[in-house]
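# Per-entry structural report
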Amino acid sequence: MGFAAAISAGTNWQTATAGVVEQLAGRTDGHRLGFIYATDGLTEMLDPILDMLKQETGVADWTGTTGYGVCGGGESHFDMPALSVMTGDLAAGDYQLFSPSGELAALEAGGWTDSFAPPLVIAHGDPGSENLLQAMAGTATTTGGFLIGGLTASRGRGRQIAGRMISGGLSGVLLSPEIEAICGLSQGCTPVGPFHTVTESVEHVLVKLDDRPALAVMKDDIGELLSRDLQQIGGLIHVALPVSGSDTRDYVVRSLVALDPERDLVAIGDHVQDGDRLMFVRRDPEGAEQDMHRMLEDVARRLDGRQPRGALYYSCIARGPGLFADPHFEAKAIREQFGDIPYTGFFGNGEICNNRLYSYTGVLTLLM
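Described in the following lines is the structure provided in the data block. All figures in this text were calculated on a predicted structure; none of them were measured in a lab.

Here the focus is the overall build of the protein chain. Summing up its helical and strand segments, the protein chain has 8 helices and 26 strands in all. Taking the principal axes of its C-alpha atoms as reference, the protein chain extends roughly 65 × 45 × 45 Å. On the protein chain, roughly 14,900 Å² of surface is accessible, and the fraction owed to carbon and sulfur atoms is 47%. Across the protein chain, 26 positive and 47 negative side-chain charges occur, with their mean positions spaced 2 Å apart.

What the 6 strands build is an open sheet, ordered β7-β12-β8-β9-β24-β25; its pairing is mixed. With one partner strand each, in any of the chains shown, β7 (95-98) and β25 (356-358) form the two edges of the open sheet. With strand direction ignored, the average angle separating the axes of adjacent strands in the sheet is 20°.

This part covers the sheet that holds strand β6 (residues 82-88). As summarised here, the arrangement of the 6 strands in space is β1-β6-β2-β3-β10-β11, forming an open sheet in which the pairing is mixed. The sheet is open, and its two borders are formed by β1 (3-9) and β11 (165-166), each paired with just one other strand. In this structure, strand β3 (residues 61-67) lies alongside strand β10 (residues 160-162), joined through 3 bridges in antiparallel fashion. Pairing of T65 across the sheet is with Q160, part of β10. Here helix α1 (residues 13-24) sits on the sheet in contact with β1 and β6, set at roughly 150° to β1. Taken strand by strand, helix α2 (residues 46-57) contacts β2 (33-39), β3, β6, β10 and β11, and its axis lies near 140° from that of β3.

Take the pairing of β6 next. Counting buried residues along β6, 7 of its 7 residues qualify, which places the element largely inside the surrounding structure. Of the two faces of β6, the one holding A82, S84, M86 and G88 and the one holding L83, V85 and T87 are both buried throughout. Note: β1 against β6, 7 bridges, orientation antiparallel. Looking at β6, one finds that A4 is bridged to T87. Where β2 meets β6, 6 bridges bridge the pair, whose relative direction is antiparallel. Its bridge partner lying in β6, Y37 is registered against S84.

For the coordinates displayed, the defined rule picks out 5 aromatic pairs. Consider the rings of F324 and F329, whose centres lie 4.7 Å apart with planes at 45°: the pair is tilted. Grouping residues by exposure puts F324 and F329 together as buried. Aromatic rings pair up to connect Y37, Y314 and F346 into one cluster. Of note, R155 hangs over the ring of Y68, and the distance from its end group to the ring centre comes to 4.3 Å.

For side chains of opposite charge, pairing can occur when their charged atoms come near one another. Per the counting criterion, the structure on display carries 16 salt bridges. Put simply, R254 and D270 hold a salt bridge, and the shortest N to O gap is 3.2 Å. One end of the pair, R254, is in strand β19 (residues 251-260); the other, D270, is in the loop between β20 (265-268) and β21 (277-283), and 16 residues separate them in sequence. Under the relative-accessibility criterion, R254 is labelled buried at 17%.

This brings us to the side chain of E351. Examined against the element boundaries, E351 turns out to sit in strand β24 (residues 351-353). Buried charge without a salt bridge: E351, with R319 as the nearest opposite-charge side chain at an N-O distance of 6.8 Å. Engagement of the side chain of E351 in a polar contact is seen with the side chain of T361, the distance being 2.7 Å. Ignoring any residue separated from it by four or fewer positions in sequence, one finds E351 in contact with G149, G150, Y314, S315, C316, R356, L357, Y358, S359, Y360, T361 and V363.

Below, the discussion takes up the layout of surface pockets. If you add up the space inside the second largest pocket, you get close to 290 Å³. Lining the second largest pocket are 17 residues, and of these P127, L133, L151, R254 and L357 sit closest to its centre. Among the secondary structure elements, those contributing two or more residues to the lining of the second largest pocket are α4 (132-143), β19 and β25. Taken together, the residues of the lining of the second largest pocket break down into 8 nonpolar, 7 polar and 2 charged.

For strand β12 (residues 170-175), the buried fraction is high: 6 of the 6 residues fall into the buried class. As judged from the 4 bridges shared by β7 and β12, these two strands associate in the antiparallel manner. Looking at the pairing, L97 lines up with V173 of β12. The pairing of strand β8 (residues 120-125) with β12 spans 6 bridges and is antiparallel. Looking at β12, one finds that A123 is bridged to G172.

Cut-offs used in this document
Residues numbered from 1 in each chain as written. Predicted model: local features only at pLDDT ≥ 70, side-chain atom pairs only at ≥ 80, totals over all residues. Heavy atoms only, no water. Helix = DSSP H or I, 4+ residues; strand = E, 2+ residues; numbered from the N terminus. Areas by Shrake-Rupley, 256 points an atom, 1.4 Å probe, with all protein chains shown as cover. Lys, Arg positive; Asp, Glu negative; His and termini not counted. Charge placed at Lys NZ, Arg CZ, Asp CG, Glu CD. Pairing = 2+ DSSP bridges. Axes fitted to C-alpha atoms, helices over the stretch in contact; angles between N-to-C directions. Contact = heavy atoms within 4.5 Å. Buried < 20%, exposed > 50% of the residue type's maximum accessible area, 1.4 Å probe, protein only. Phe/Tyr/Trp six-rings, centres within 6.5 Å; stacked < 30°, edge-to-face > 60°. Lys NZ or Arg CZ within 6 Å of the ring centre and 35° of its normal. Salt bridge = Lys/Arg side-chain N within 4 Å of Asp/Glu carboxyl O. Polar contact = N/O pair within 3.5 Å; in protein donor to acceptor, adjacent residues only side chain to side chain. 1 Å grid on protein atoms, 1.4 Å probe; cavity = no way out; pocket = protein on both sides within 12 Å on 5 of 7 lines; lining within 4 Å. Points joined across faces, edges and corners; volume = space filled by probe spheres on them. Nonpolar A, V, L, I, M, F, W, Y, C, P; charged D, E, K, R; others polar.

Below is the structure:
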């Protein structure tokens, strides 16, 4: 099994696509499956882009979506027409595309999901879908698989590709366990205080933490300087909910929705219950760089000296140029760690790893 990848930016969809086609020339013979990620300015041109890629590469089956940026080959592109693609010579029975219109049920009925041990599920989701989390849970249950991927990011309508154009829901591709994968997750936020126990709450509103007013606890953690003007913490301070059974590195970050200084209340972007644990975290470029290197080194150790054949990388729209001084930092770090391996990825509205929805993270999957 081999992969071929290309990334190209241009002045319009034609030049960006032509650049990708030129880089892939002569490298896709026998390839059946392709991943395509486009910057969201190309959303309305995905149909001719896909037609051109199919015709020029001979790859029939594609999956992907749009993001605010795309990455691959040690570089990233944002806010310009750009494409990042990767194709592979997978056997026809080693993958299966799926979309929200019932393919998973058909796969289950047809026995595909019973033919393998749990597969790797590469999923693209619509962040505006009310049933997205249920769709993720249902996909994981139906397939028994390990979900990784990202959520569409677009200033216009959201579109996904799973053999055809799709809007809404969850779509992507299932890969046979014969294709070994090694996955790592890097956080973009660092703790500013210890874990606290929710002792009083109402849905997504924190009333008390450790039997103290929630806002007072948050102020203690973030420090006097930030507490003087709480308007300055928007986009800087968040809440992290630990993943059960994991160490403190594995947590999901949720945004602060509102603060009520008069009643010392904190509203967050997720429902909580009394007894839950959480901590306050801060978006931290230096800490995020360190954690990216930690994740890459950890994944490299798990290779045991082997060389990956390809990779997928899904990062948050709040990372890239919104977090790092060098917008190419993540792409360069992957290349520095693993060399010039074929890989593709995008900057989306949320990241999927181990069947959970994250934010402010980077998710790397090496395909062996």
